[in-house]
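Each chain is listed here by its residues.
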Amino acid sequence: MTLALRVALTRPQFSLEVECEVPTRGITGLFGRSGSGKTTLLRCIAGLERRAQAQIAFDEEIWQDADHFVPAHRRRIGYVFQESSLFAHLDVRGNLEFGLRRVPPSERRLSFDEAVTLLDLAALLPQRAPQLSGGERQRVAIGRALLMSPRLLLMDEPVSNLDQSSKAEILPHLERLRDISIMPILYVSHALGEIMRLADHLLLLEAGRVRAAGPVQEMLARSDLPLGRYEDGGSVFDAIVEEHDDRYHLTYVRIGAGRLAVARSTLSVGRRLRVRIDARDVSLALRAPELTSILNILPARIVDFSDAEDPAQTVVRLDAGGDPLLARITRRSAAELNLAPGTQLFAQVKGVALMGQ
Amino acid sequence: MGSVDLIALWLSLRLATLTTTLLLLLSAPLAWWLAMGASRIRTVVDALVSLPLVLPPTVLGFYLLLLLAPGGAIGSAFRALGLPAPAFTFAGLVIGSMLYSLPFAVQPLRDAFQGIGARPLEVAATLRASPWDRFASVALPLSMRGILTATVLCFAHTLGEFGVVLMIGGNIPGRTQTASIALFNHAEALEYGAAYHLSLVLLALCFLLLLTVYGTNRRLRTTGALL
């Protein structure tokens, strides 16, 4: 099951030339700076860019080649636009039903009520778009796209125009969407934090070309890619809930390199989840730290160094129990501690974020 | 008001209703096509559609008379189908009025369609709406203001036309004599009392129509097609 892409589109001062295969499982993050061609590529996949010279095949079904062009309304996709896209002449229910009515019952995999529950839309149904906040509008737009029971859901920076609190309101819904995995999602974003939180697979676009593609965990740790340099760069780990500690209000999760203490979670023991460690939250010590307030200390080995965005800092790639772990420290510390590839040391982790709860 | 005036007024209302209905049905696809892109042929059509705005009605009427008369191109076509030539008939008035009011229907519709922009239609396409479906379920409802404006302008403009109807309709009471022509007859015959009454009725009618448009437009005012 893949989405095979070969797209060429030339515009004044911009050209998109992409050739790749995208897995149609889980969430694939389409990441790049603004102007790198993420949205244009997504529009080509949706069939909204007729002028693109493209070969697009979804699971052996040809959507576009030299002789065929399946128009957007026949591709059975869902699309969430970056900006608000609710029809002003319909209320929330009307917007949700607009697409649903056009899906034959035999193709529906999600009922109206299920979508309403999933995105918590019940209270909004009778309202009209002008009465909704930006976050609510986007939730309705996501619900409307889900109700298409699409074979592929395309999301174009669905939260980038929202304020922090609206983002915080929507992201858990997207995580739930990933966890129930009813449809593959292609998620465009220029926020690495969002990609780390949501995506399983990552496609990195630079100036209209695919720079690299692969599983998120590997991609984040690759020193030939600029991902670790970003302010919110870091590492993600697959983890399992091991134990709850009610006395100190902590939960212990196990990753390859050891055990991490995090704030008490409501997840049940044995539950799999993903944890994120930002590179800026990792400091390094040559000897096992004693008498420290930091709980999470993992043995690790230096793999290599790469430049950080800030010239005072360097990004150290570590091997922590087989998983890549990034640490961002000052260049001066690296020099004074004589850090070099192969050095065995201890990574002190100040913050661990649980994702997917 | 005399019975001649009432008959003329009734004829004008029938003419305006029929003209407006037919014209809207014809103009919507034309305006849609004009709104959906720019090309040389569209520019030419745009100019042609606007021609009745600047052309003296008598010029339009004269050409129509030539075409619609029994020996004219359209007149002979009608006769070949076993129908009477449309010159000096109600059908002729409808044809003339439709041409004369064409810009009043096409321009507000075209502007309304253009005002929607491409995005709502793209959104509808990703929701599996075919091009016709998008036109009917997105473009039309979002263009309500433009449709209302086109309707009222066509109606009022047809009600008030004079030159074209006089040229192609003649002045046959009960068949082609509209209210504005009846009014002209009264003034010619120095029947100022009757002229006053008819004028007042027409004035009130047009004002009420415009009042409806502006009142409704205010209520329909929205912040855009997408929210």
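Fair warning: this is a prediction, and the values are worked out from it, not measured in the lab.

## Points about helix α2 (residues 40-54) of chain B
Next, step 1: If you check α2(B), its first and last C-alpha atoms are 21 Å apart, about what 15 residues at 1.5 Å a residue would give, namely 21 Å.
Next, step 2: In terms of burial, α2(B) is a largely surface element, one of the 15 residues being buried.

## Here we look at the sheet that holds strand β4 (residues 53-58) of chain A
All names here are of chain A.
Next, step 1: One open sheet accounts for four strands, arranged β2-β1-β4-β5; its pairing is antiparallel. Two strands close off the open sheet at either side, each with one partner strand: β2 (14-23) and β5 (61-64). Here the average twist between neighbouring strands, direction ignored, is 15°.
Next, step 2: Across three bridges, the pairing between β4 and β5 is antiparallel. Counterpart to Phe58 in the pairing with β5 is Glu61.
Next, step 3: Docked against the sheet, helix α1 (residues 38-46) engages β1 (2-11), β2 and β4, running at close to 120° with respect to β1.

## With respect to the confidence of the model for chain B
Residue and element names in this part refer to chain B.
Next, step 1: Per-residue pLDDT for chain B averages 90, and the proportion of residues at 70 or more is 96%.
Next, step 2: Per-element averaging of pLDDT across chain B places helix α11 (residues 192-220) at the bottom with 87 and helix α6 (residues 119-126) at the top with 95.
Next, step 3: Quick note on the complex model: pTM equals 0.83, ipTM equals 0.83.

## What about the packing of α2(B) against helix α5 (residues 90-116) of chain B?
All names here are of chain B.
Next, step 1: Packing of α2 against α5 leaves a shortest axis separation of 7 Å and a crossing angle of 115°. For the crossing formed where α2 meets α5, the hand is left-handed. On the side of α2, the interface is formed by Val49, Ser50, Pro52 and Leu53, while α5 contributes Leu99, Tyr100, Leu102, Pro103 and Val106.
Next, step 2: For the contact of α2 with α5, the residue count by class is eight nonpolar, one polar and no charged.

## Here we look at the interface of chain A and chain B
Next, step 1: Between chain A and chain B, the residue contacts involve 22 residues of the former and 19 residues of the latter.
Next, step 2: Put simply, the parts of the chain that give the side of chain A that touches chain B at least two residues each are β6 (77-80) and α2 (92-100) of chain A.
Next, step 3: Its residues assigned to classes, the side of chain A that touches chain B shows 14 nonpolar, six polar and two charged.

## Things to note about unusual backbone geometry
Next, step 1: In this structure, Ser149(A) takes a positive phi of about 45° despite not being glycine.
Next, step 2: Within the element layout of this structure, Ser149(A) appears in the loop between α4 (134-146) and β7 (152-156).
Next, step 3: Take Ser149(A): there are 21 C-beta atoms within 10 Å of it, and that puts it in the buried class.
Next, step 4: Its identity is not glycine, yet Arg128(B) carries a phi of approximately 65°, on the positive side.
Next, step 5: Within the secondary structure layout, Arg128(B) lies in the loop between α6 and α7 (131-142).
Next, step 6: We classify Arg128(B) as buried; it has 23 C-beta atoms within 10 Å.

## So, the environment of Ser268(A)
All names here are of chain A.
Next, step 1: Turning to its location among the elements, Ser268 is positioned in the loop between β13 (258-263) and β14 (272-278).
Next, step 2: Ser268 gets classed as exposed once you count the C-beta atoms within 10 Å, which come to 8.
Next, step 3: A C-alpha to C-alpha distance of 8.8 Å links Ser268 and Glu242, two positions 26 residues apart in sequence.

## Overview of the domain arrangement of chain A
A common measure of how large an interface is: the accessible area buried when the components associate.
All names here are of chain A.
Next, step 1: Each domain of chain A was delimited in the assignment, giving domain 1 (2-221) and domain 2 (234-355).
Next, step 2: Each of domain 1 and domain 2 has a C-alpha centre, and these two points are 32 Å apart.
Next, step 3: Contacts between the two partners involve seven residues from domain 1, matched on the other side by eight residues from domain 2.
Next, step 4: Element by element, the count of residues in the side of domain 1 that touches domain 2 is highest for helix α7 (residues 216-221), at four residues.
Next, step 5: Within the side of domain 1 that touches domain 2, the residues separate by chemical class into four nonpolar, one polar and two charged.

## Concerning α4(A)
Residue and element names in this part refer to chain A.
Next, step 1: For α4, which comprises 13 residues, the first-to-last C-alpha distance of 18 Å matches the rise-based estimate of 18 Å (1.5 Å per residue) to within 8%.
Next, step 2: Among the 13 residues that make up α4, 11 are buried, leaving the element largely enclosed by the rest of the structure.
Next, step 3: Residues of α4 that are buried include every one of Glu136, Arg137, Gln138, Arg139, Val140, Ala141, Ile142, Gly143, Arg144, Ala145 and Leu146, and no others.
Next, step 4: Buried residues in α4 make contact with β6, α2, α3 (112-118), β7 and α5 (164-180).

## Points about the pairing of β4(A)
All names here are of chain A.
Next, step 1: Burial along β4 is one-sided: Ala54, Ile56 and Phe58 are buried, and none of Gln53, Gln55 and Ala57, which face the opposite way, are.
Next, step 2: In terms of strand pairing, β1 meets β4 through six bridges, oriented antiparallel. Bridge pairing in β4 links Ala8 to Gln53.
Next, step 3: Linkage of β4 to β5, two consecutive antiparallel strands, is achieved through a turn of two residues, within which Asp59 is found at a positive phi near 50°.

About the criteria used
- Residues numbered from 1 in each chain as written.
- Chains lettered and ligands numbered in written order.
- Predicted model: local features only at pLDDT ≥ 70, side-chain atom pairs only at ≥ 80, totals over all residues.
- Helix = DSSP H or I, 4+ residues; strand = E, 2+ residues; numbered from the N terminus.
- Expected span 1.5 Å × (residues − 1).
- Buried ≥ 20, exposed ≤ 12 C-beta atoms within 10 Å, placed from the backbone.
- Pairing = 2+ DSSP bridges.
- Axes fitted to C-alpha atoms, helices over the stretch in contact; angles between N-to-C directions.
- Contact = placed C-beta atoms within 7 Å.
- pLDDT = per-residue confidence, 0-100.
- Left-handed = near helix turned anticlockwise from the far one by under 90°.
- Nonpolar A, V, L, I, M, F, W, Y, C, P; charged D, E, K, R; others polar.
- Domains from an automatic or database assignment.

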